[in-house]
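Residues per chain are reported as follows:
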Amino acid sequence: MEAAHAHAHDDHHHAPAGIGRYFTTTNHKDIGSMYMWFSLIMFFVGGFMALVIRAELFQPGIQIVNPDVFNQLTTIHALVMIFGAVMPAFVGYANWQIPLMVGASDMAFARMNNWSFWLMPPAAALLVGSFLVPGGAAGSGWTLYPPLSIQGGISVDMTILAVHIMGASSIMGSINIITTILNMRAPGMTLMRMPMFVWTWLITAYLLIAVMPVLAGAVTMLLTDRHFGTHFFNAAGGGDPTMFMHIFWFFGHPEVYIMILPAFGIISHIIPTFARKPLFGYASMVYATASIALLSFIVWGHHMFTVGMPAAGNLFFMYATMLIAVPTGVKVFNWIATLWKGSITFETPMLFAIGFVSLFTIGGFSGLVLAVTPVDITLHNTYYVVAHFHYVLFSGAIFSIMGGAYYWLPKWTGHMYDETLGKVHFWLTAISFNITFFPQHFLGLAGMPRRIPDYAPQFTEFNQISSIGAFLLGFSQLLFLYVVIKCIRGGVKAEAKAWEGAEGLEWTVPSPAPYHTFETPPAFH
Amino acid sequence: MALAQLWRAFVAVFWAFLGVRSESGYKSDITKLSFAQVAVVGIICTLLFIGTLVGLVMYVTHKA
């Protein structure tokens, strides 16, 4: 009996062995790791497509891919990066960190968690595999606007199915995250004492539940238009393609915040840790996050200024969009105030966090430029827009993901990563990112349209600079992969509290975090 | 919800829209307001906010 008891006790501290465990695991750490590996693989797949696009755009004329394949690459690059890289990365962080941060033993619905993850690989296979079917992948752009998406081949159906599956996965993930946060916090951790990352994910999860069904509805209508004789979006049958745009962007704009709010959360942990000061204005940060989430539902029309709305509609969406800058500005102010008079050190996570604050702000400002209706009418569908959203998504979302990875790698692996290589990775990424995307502002202002494989000769120089930067940026990310693998295999032993200034329950458990943590809820003061 | 309580929730949500809250205001929020009160008033304020913007737009386009 004694031995059996000891054995059972052992099981709590040893992970099941073998690769097979990953198919059936219900452990939040296993599932979190799988999400992150999946995300990293998709990041490289989507990045490869981006490099083909940039290689084609290195000079005017058609060199590498024909225009049809070019359109397919831009479409699938975006879908892979949004649904395959950025969103799963944040869900991976949520899986690993939320139970550790709130002092829960696992996610609330552990088996559903497994299913949420295992829906992702088939969806990714449908998206990437659609290049192989007759006619190639969907080439309508990631927004799947009709009539192109109604006219496309079987690959559009594959894309619709992929979007459905990924949406179902996101909704299940969100239900899991909300339930875990609301019901499984350590005693004493009231809502207004939760870590910022947990707050941002709570709000993000509600946004996901609100808008994913809207996207599912939109693509289902596309599907019935394609195969079942309906005419929702077919003007010839009395439908309206503009309606698709409204429905799509009612999902699409909150989606932008789904991809940036968890990033705000991660940055709100890194900056206080390395400034060795508590986050300035915690309550303001929570309030600003909630406010951004509510405002995100009433600004979708700014994606459609050129579609043809009444002047009153354009004005409404312009005013509402510009007002989002207020709570966002509060956040940037709070991060800077946290740095003020702090004892700052610049480890790799901090470098990515500072890079985030500086570059995301540039993306925010170019967003304000685009929010002005008459300006947007000129800049719509130009490279200015491409520059803008890469500043918010790459130097926003991806920088926070990279920073978060360096920040929590010691907790996940039990080893410190190679600091020198981490810093090299940051500087290579930050510099090549700006070489890639800053010139695209100029291209857009000069009138170069997006999603076009060929261009007028006067755009050549800036395109060449951008392409050189893109290749440097792409290959720099291999260094990240190397640093991660090196860190998993060994390195300086990480302490439970890997960073001097780190605060929170996740730093009270040993590094690497044991397979099961907080089986008894911890005391939270 | 008593009137004073309703007013308190409106004030909290107003500051939330701006994204700023004083320490003393925040302390009184968390002791005196429930999550449900803030959520309901937050949604009402969003609708009021939309109404204000529509009103402003009507005014601007009417003048033109």
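Use the structure listed above.
Criteria and thresholds
Residues numbered from 1 in each chain as written. Chains lettered and ligands numbered in written order. Predicted model: local features only at pLDDT ≥ 70, side-chain atom pairs only at ≥ 80, totals over all residues. Heavy atoms only, no water. Helix = DSSP H or I, 4+ residues; strand = E, 2+ residues; numbered from the N terminus. Rg over C-alpha atoms; globule rule 2.2 N^0.38 Å. Areas by Shrake-Rupley, 256 points an atom, 1.4 Å probe, with all protein chains shown as cover. Polar contact = N/O pair within 3.5 Å; in protein donor to acceptor, adjacent residues only side chain to side chain. Contact = heavy atoms within 4.5 Å. Buried area = accessible area lost by both parts, 1.4 Å probe. Salt bridge = Lys/Arg side-chain N within 4 Å of Asp/Glu carboxyl O. Nonpolar A, V, L, I, M, F, W, Y, C, P; charged D, E, K, R; others polar.

S.K.: So, the overall build of chain B: which residues are in play, and what are the values?
M.R.: Regarding its fold elements, chain B presents 3 helices and 0 strands. Tracing chain B from N to C terminus, the helices and strands come up as α-α-α. Its C-alpha atoms give chain B a radius of gyration of 15 Å, more than 25% over the compact-globule value 11 Å for 64 residues. Taken along the three principal axes of its C-alpha coordinates, chain B extends 50 × 25 × 15 Å. Counting only carbon and sulfur atoms, one obtains 76% of the accessible surface of chain B, whose full area is about 4100 Å².

S.K.: Let's hear about the environment of S33 of chain A: which residues, and what values?
M.R.: Mapped onto the elements, S33 of chain A comes out in helix α3 (residues 28-56). Sequence spacing of S33 of chain A and Y93 of chain A is 60 residues, and the spatial spacing of their C-alpha atoms is 8.5 Å.

S.K.: So what's going on with the side chain of H302 of chain A? Residues and values would help.
M.R.: All names here are of chain A. Relative to the helices and strands, H302 resides in the loop between α12 (282-295) and α13 (311-323). A polar atom in the side chain of H302 sits 3.1 Å from the side chain of H253. Discounting residues that sit within four places of it in the chain, H302 has contacts with H253, F317, T321 and D376.

S.K.: Can you break down the interface of chain A and chain B residue by residue, with the values?
M.R.: Counting residues at the interface gives 21 residues for chain A, matched by 22 residues for chain B. Here chain A and chain B share an interface that buries about 1800 Å² over both sides, 80% of which is from carbon and sulfur atoms. The largest contributions to the chain A side of the interface with chain B come from Y287, F316 and Y319 of chain A, which together make up 31% of the buried area. One can count 0 salt bridges joining chain A with chain B. Counting every contact that joins chain A to chain B gives 2 residue pairs in polar contact (both at pLDDT 80 or more). If you list the elements that add at least two residues to the side of chain A that touches chain B, you get α12, α13 and α14 (325-339) of chain A. Its residues assigned to classes, the side of chain A that touches chain B comprises 19 nonpolar, 2 polar and no charged.

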